[in-house]
Amino acid sequence: MSAEGTATESFAEFVAGLPLVDHHCHGVRTGTTTDADFELLATESDWPAPPGTSVFDNPFGIAVRALCAPLLDLPRHCTAEDYLRRRGELGDQEVSARLLAASGTEKYLLDTGFRASTIMTPPEMAQLTGAATQEIVRLEALAESIAPDCTAAGFSSAFEDALERALEHAVGVKSIIAYRYGLDFDPAPPTNAEVTAAAGRWLAGIEAGGLVRLTDLVLLRHLLWRAVGFGKPIQLHVGFGDADIVLHRCDPSHLTEFAHATRETGVQLMLLHCYPYIREAGILAQLFPHVWMDTSCAVSHTGPSSETLVRQSLESAPMHKVLYASDAFGLPELYLCGAQLWRRAVARILGEWVAEGFAGETDARRYAELLGRGNAIRAYGLE
Amino acid sequence: MSAEGTATESFAEFVAGLPLVDHHCHGVRTGTTTDADFELLATESDWPAPPGTSVFDNPFGIAVRALCAPLLDLPRHCTAEDYLRRRGELGDQEVSARLLAASGTEKYLLDTGFRASTIMTPPEMAQLTGAATQEIVRLEALAESIAPDCTAAGFSSAFEDALERALEHAVGVKSIIAYRYGLDFDPAPPTNAEVTAAAGRWLAGIEAGGLVRLTDLVLLRHLLWRAVGFGKPIQLHVGFGDADIVLHRCDPSHLTEFAHATRETGVQLMLLHCYPYIREAGILAQLFPHVWMDTSCAVSHTGPSSETLVRQSLESAPMHKVLYASDAFGLPELYLCGAQLWRRAVARILGEWVAEGFAGETDARRYAELLGRGNAIRAYGLE
Amino acid sequence: MSAEGTATESFAEFVAGLPLVDHHCHGVRTGTTTDADFELLATESDWPAPPGTSVFDNPFGIAVRALCAPLLDLPRHCTAEDYLRRRGELGDQEVSARLLAASGTEKYLLDTGFRASTIMTPPEMAQLTGAATQEIVRLEALAESIAPDCTAAGFSSAFEDALERALEHAVGVKSIIAYRYGLDFDPAPPTNAEVTAAAGRWLAGIEAGGLVRLTDLVLLRHLLWRAVGFGKPIQLHVGFGDADIVLHRCDPSHLTEFAHATRETGVQLMLLHCYPYIREAGILAQLFPHVWMDTSCAVSHTGPSSETLVRQSLESAPMHKVLYASDAFGLPELYLCGAQLWRRAVARILGEWVAEGFAGETDARRYAELLGRGNAIRAYGLE
């Protein structure tokens, strides 16, 4: 595959063959995936499907049976039972190898801060796929990992050191303040005294046997602002995710003041997923030079309807500010569907622009290349 | 009509002939409907159309002239004057009989708590249509009906008794807390002391000549939590409705904590209408095993554009959690348009999925049947 | 061009030739437009596009290269460089004359309160285009213009006098309370004492060298309520605009109580732009007899995707309550794209309604005429 394409291939073929940079995803699950594992990884829900129902009748499950089944030598629209049986016969390694190869991804930027012990590391992902990998550091996970060895007074500089070390090789960071609090946070950085006091409360709680899970808003804001200081792109979870989230508090327009406050720092804000606030994210990406966006996981989880999401992401955002990502975690089906559904959508939308005289084909190919890889390369300074 | 269809009919024919369970609607108006009555029942507005305008140029009115006119022996797109004249000639009974028969509804779940004296009862609806009917109890109306005979201390148990009696035959309840307050309510149940105090204030107000209309938030929350205790499905008004509502306070994501709090109780939460928060509702239906949704009244009131609403309801929600409803009240045109517009949308959307290889036709028929009747049967334990 | 059309022209031709009333726009820029001027006027962003990117790859820039280039004798999809070079060759006057003529606008309602010294006045616009012009008075600009000559006690009556004078010829007013505060303001009018106190603070600040820019919420509410008193249509900025705005605070459903409070005053509320809250605006336009809406600037800034916005504006609003506007400011390309994209969308959407049997062609032509000019004529009492 080549980003330039050839003179004779159609635009749809060009998009189908475009090597993708997946700027936000996680590793494939290690070990054997049971049917119950599959059902839970195939939804953003935290609980099994109700009795008598199956995730294979969710939009993502429908897409799996349509798009992944043939790659496992099954007929399209096979039953859930047939799919899971064949998956077991082939084994996780083979299924992952086939589906990730078919995704046409040339580089994965891997968020390593979520259930890291259950998924492949960046080197393992590189070995499995033959693609390049880079790491994205999850701020909250990094803070939680150093907490046991910190004092309240020492937390801030210990975190600073840990982040500096992590960013020697990582190409960006990820914040899940949307999950832990919401995007409606005070956009100003907390003071040193506030941070020390908050760290004291958090660490005392841990010492008393409490959860390491960081939910203190002062500390969440502190991590974000420390990351601003390092200047590498900051991925922010926005909108749709699991049931921890209160959706309306994850409307990205809550980030407006934070965007003003960071506009001249040199940092880039990468809004992830954005469903159902895709238009709000696109508007921010037009207004602020350092705001970018994707539709990532929402594409897989809307399966047959995913084109409409990608379409909205191209409504008002500059072509230079929208990115591809799968946000896949664990299941190889999420990488494949993320990529194939995205390709289908981009081919149709930009193809329409060409057919209706809005864009010339040269521009359309240039835009597809920006969306699929060029923007990620520019945002993260890759290659 | 049969839910199974026959081997030779097309998918569009299958959907056109599918018997529907209308899981949320009201009775047809009794007595004679004047032109002024028609104009007010044909909109969610509480006031007549401005001078020089007509509801027949609203999207619903356009749909009426397109879809209902031929059933009254008129040409499509007839004038408002011709439509109303012919309606008067035929009489309300005949118009209702024709339009409800043409809706292809096999069962109506009737909310009996809104202007009950002006519309048909469930037995009258059964007699008019030949279809089966079941009752849905409106919580606030039930509380208002018992208020005159209650003391503050006795309100809670009197309501409990009344609800128990009502649920001997009713298949679910309806809450309009969205209208009376908003969905941004404290999700915890109020204490007994709070309820007694609130009941005291409300009943004292009534005794002093105040409105019976229940708007006290403590009592609204209490009714909802008492309904949770009975375990039958709870219908919740969400989004679009008349001008009593402040729309952004009816975003269903305000229900997130309430959904967490009720997840293990066995109750089912049925989100009604959901426009323009259809995506938010679909996300909740994916995340929470006990959350369901429909697009009901918004389908009729968007007429020619209604397909896009049904399309959004199928973006991320499981096929097992989306239902059909008309939310029709009073006008038989609302039942007919609700059903015909919904059938048109489902036939086109699922038909596209088949044409584009996302779903096999067997699955598409199964999904149409779930959406049109199967999910309602499962949710309410019908038949 | 004629609003009636001829018997033989197609519906698409009818819409293409419909003379438009642009009920909300500004003047064309005077003087010479440099490339840097163009880049800033072609986006809602307040800052230049990031290095290596160009507004010509924004949806609006793409539309300019598709729709405006041929009118400047360039091939469709020409490069940014070619476009700007040719623009310079022709000169601003010639470019404006060509593009505004091609927009097919018969009347412009011009908001004269934003950077008035840099754009053409209504008479200059009339001279340039040969079309009629009317003025819309921006409330905040009017207040700021009289501030230097006011005392705190005299502000209210001075503003009243100034507004009365302005409305001798202006056909409506414009409020940008959305920019200066948000739409989530207290819907009640402030008291006289509150106004005098607030005016005192504001004027003292100006005297001390502060900004004249009016951001005091009491005064913003006062201006709005004074305008209500005069009874001419009030244009309200809603949703999408530049980076001054916090988007979620510009959801028009925040205006619900204000709409109730003004319903019987005789004033008309014109919701402008409304993106991404088009559905919310349409619902309000259905519910309240005096609420109207448009999609104006969002149409130009979504270029190839603009049809979907116009489509949403026709979902639930009455055909009598949706208007055309370009919201163009400065660049003639904004008038042309606003008009041509809107015509394309309306021709397709209403054309589909006809093709699918939802509307007869007579109604479709009537609706297009209402949307494009008739509703503006009725709302503002033009001609």
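Residues numbered from 1 in each chain as written. Chains lettered and ligands numbered in written order. Predicted model: local features only at pLDDT ≥ 70, side-chain atom pairs only at ≥ 80, totals over all residues. Heavy atoms only, no water.

*Asks:* I would appreciate a short explanation of the overall build of chain A in the present structure.
*Replies:* Tallying secondary structure elements over chain A gives 17 helices and eight strands in all. In terms of overall size, chain A behaves like a compact globule, its C-alpha atoms giving a radius of gyration of 21 Å where 383 residues would be expected to give roughly 21 Å. Projecting the C-alpha coordinates of chain A onto the three principal axes gives extents of approximately 60 × 45 × 35 Å. Counting only contacts in chain A whose residues sit at least 6 apart along the sequence, the fraction spanning at least 24 positions is 75%. Of the roughly 12500 Å² of accessible surface on chain A, a fraction of 52% belongs to carbon and sulfur atoms. Seen as two clouds, the 30 positive and the 49 negative side-chain charges of chain A have centres 2 Å apart. (Helix = DSSP H or I, 4+ residues; strand = E, 2+ residues; numbered from the N terminus. Rg over C-alpha atoms; globule rule 2.2 N^0.38 Å. Contact = heavy atoms within 4.5 Å. Areas by Shrake-Rupley, 256 points an atom, 1.4 Å probe, with all protein chains shown as cover. Lys, Arg positive; Asp, Glu negative; His and termini not counted. Charge placed at Lys NZ, Arg CZ, Asp CG, Glu CD.)

*Asks:* When you look at the pairing of strand 2 (residues 105-111) of chain C in this model, what are you seeing that I'm missing?
*Replies:* All names here are of chain C. Of all the seven residues making up strand 2, six are buried; the element is thus mostly covered by neighbouring parts of the structure. Strand direction decides the pairing type here: strand 1 (residues 20-25) and strand 2, joined by four bridges, are parallel. Bridging from a neighbouring strand, L20 pairs with T105 of strand 2. When strand 2 meets strand 3 (residues 132-138), the two strands line up parallel, connected through five bridges. Bridging from a neighbouring strand, L109 pairs with Q134 of strand 3. Note that the unit made of strand 2, helix 6 (residues 122-129) and strand 3 has a crossover that is right-handed. (Buried < 20%, exposed > 50% of the residue type's maximum accessible area, 1.4 Å probe, protein only. Pairing = 2+ DSSP bridges. Right-handed = clockwise from strand over helix to strand, strands pointing away.)

*Asks:* Hey, could you run me through the sheet that holds strand 3 (residues 132-138) of chain B in this one?
*Replies:* Two pairing modes exist for strands in a sheet, parallel and antiparallel, and in both the strands are linked by backbone hydrogen bonds. Residues and elements named next belong to chain B. Taken in spatial order, the seven strands line up as 1-2-3-4-5-6-7 in an open sheet, and their pairing is parallel. Only two strands of the sheet have a single partner each, and these edge strands are strand 1 (20-25) and strand 7 (291-293). In this sheet, adjacent strand axes meet at a mean angle of 25° when their direction is disregarded. The pairing of strand 4 (residues 172-175) with strand 5 (residues 234-238) spans three bridges and is classified as parallel. Residue K174 lies in a different strand from strand 5, and its bridge partner there is Q235. Sheet strands touched by helix 13 (residues 278-287): strand 6 (269-273) and strand 7. Its angle to strand 7, the strand with the most contacts, is close to 145°. (Axes fitted to C-alpha atoms, helices over the stretch in contact; angles between N-to-C directions.)

*Asks:* Looking at this model, I keep getting lost on the relation of the copies chain A and chain B. Mind explaining?
*Replies:* Two copies of a chain can be linked by a rotation about an axis combined with a shift along that same axis. Of the transformation placing chain A onto chain B, the axial shift is 0.0 Å and the rotation is 120°, giving an RMSD of 0.0 Å. Expressed as an axis order, the relation between the two copies is that of a three-fold axis. Among all C-alpha atoms of chain A, that of A:H248 lies closest to the rotation axis, at 5.6 Å. (Least-squares fit on C-alpha atoms with pLDDT ≥ 70 in both.)

*Asks:* Whenever I open this one, the confidence of the model for chain A confuses me. Can you help?
*Replies:* Residues and elements named next belong to chain A. Model confidence for chain A is summarised by a mean pLDDT of 96, while 98% of its residues fall at 70 or above. Across residues 1-5, where pLDDT falls below 50, the model places 15 contacts with residues more than four positions away in sequence or in other chains. Interface confidence in the predicted complex, given as ipTM, is 0.96; pTM for the same model is 0.97. (pLDDT = per-residue confidence, 0-100.)

*Asks:* Would you explain unusual backbone geometry in this entry?
*Replies:* Of all residues except glycine, most have a negative phi; of all peptide bonds, most are trans. Of the consecutive residues A:Y275 and A:P276, the connecting peptide bond is found in the cis state with omega at 5°. If you check the backbone angles, C:D73 has positive phi at about 70° while not being a glycine.

*Asks:* Would you take a moment to explain the UniProt feature "domain: Amidohydrolase-related" (unreviewed entry) in chain A for this structure?
*Replies:* UniProt records the feature "domain: Amidohydrolase-related" (unreviewed entry) for residues 177-382 of chain A in the present numbering. Secondary structure within residues 177-382 of chain A divides into 53% helix and 8% strand; the distance between the first and last C-alpha atoms comes to 26 Å. (UniProt positions renumbered as here; feature names shortened; annotations may be inferred.)

*Asks:* Can you help me understand the interface of chain C and chain A in this one?
*Replies:* Quoted interface sizes are often the accessible area lost when the parts come together. Opposite the 41 residues of chain C that make contact, chain A presents 32 residues. Note on chain C versus chain A: buried area summed over both sides is about 3000 Å², and carbon and sulfur give 58% of it. For chain C, the biggest contributors to the area lost against chain A are C:W47, C:D57 and C:Y275; these three give 19% of the whole. Counting every contact that joins chain C to chain A gives four salt bridges. Of the charged contacts in the structure, one is a salt bridge between A:D363 and C:R65, with a shortest N-O distance of 2.7 Å. Viewed at the interface, chain A and chain C are joined by 17 residue pairs in polar contact (both at pLDDT 80 or more). If you list the elements that add at least two residues to the side of chain C that touches chain A, you get helix 3 (59-68), helix 14 (296-302), helix 15 (307-313) and helix 16 (332-355) of chain C. Looking at the side of chain C that touches chain A, the element that brings in the most residues is helix 3 of chain C, giving four residues. Grouping the constituent residues of the side of chain C that touches chain A by class yields 18 nonpolar, 15 polar and eight charged. (Buried area = accessible area lost by both parts, 1.4 Å probe. Salt bridge = Lys/Arg side-chain N within 4 Å of Asp/Glu carboxyl O. Polar contact = N/O pair within 3.5 Å; in protein donor to acceptor, adjacent residues only side chain to side chain. Nonpolar A, V, L, I, M, F, W, Y, C, P; charged D, E, K, R; others polar.)

*Asks:* I would appreciate a short explanation of the packing of helix 5 (residues 92-103) of chain C against helix 16 of chain C in the present structure.
*Replies:* The description of two packed helices rests on the angle between their axes and on the distance between the axes. Residue and element names in this part refer to chain C. Direction vectors running N to C along helix 5 and helix 16 enclose 20°, while the axes themselves pass 8 Å from each other. The angle between helix 5 and helix 16 places the two elements in the roughly parallel class. When the axes of helix 5 and helix 16 are compared, the crossing they make is left-handed. Contacts from V95, S96, L99, L100, A102 and S103 of helix 5 reach helix 16 at P332, E333, Y335, L336, A339, Q340 and R343. (Parallel < 35°, antiparallel > 145°, perpendicular 65-115°, else oblique. Left-handed = near helix turned anticlockwise from the far one by under 90°.)

*Asks:* Just to check I follow, could you spell out the pattern of salt bridges for this structure?
*Replies:* Side chains that differ in sign of charge can pair as their charged atoms come close. Counted under the stated rule, the structure contains 96 salt bridges over all chains. Of the charged contacts in the structure, one is a salt bridge between A:R98 and A:D73, with a shortest N-O distance of 2.9 Å. With A:R98 in helix 5 (residues 92-103) and A:D73 in the loop between helix 3 (59-68) and helix 4 (80-90), this pair connects stretches of sequence that are 25 residues apart. The salt bridge involving B:R213 is made with B:D244; its shortest N-O contact spans 3.2 Å.

*Asks:* What should I look at first to understand the side chain of C:H320 in this one?
*Replies:* Looking at where C:H320 falls in the secondary structure, it is placed in the loop between helix 15 and strand 8 (322-323). Look at C:H320 and you get buried, because its relative accessible area is 5%.

*Asks:* Is there a simple way to think about helix 6 (residues 122-129) of chain A in this case?
*Replies:* Given 3.6 residues to a turn, an α-helix orients residues that are three or four positions apart in the same direction. All names here are of chain A. If you check which residues of helix 6 are buried, you get P122, M125 and L128. For helix 6, the buried positions fall inside an angular range of 120° around the axis, keeping them on one side. Facing away from the buried surface of helix 6 by more than 90 degrees, the exposed residues are P123 and Q127. Those residues of helix 6 that are buried lie in contact with helix 5, strand 2 (105-111), strand 3 (132-138) and helix 16 (332-355). (Arc of directions from axis to C-beta.)

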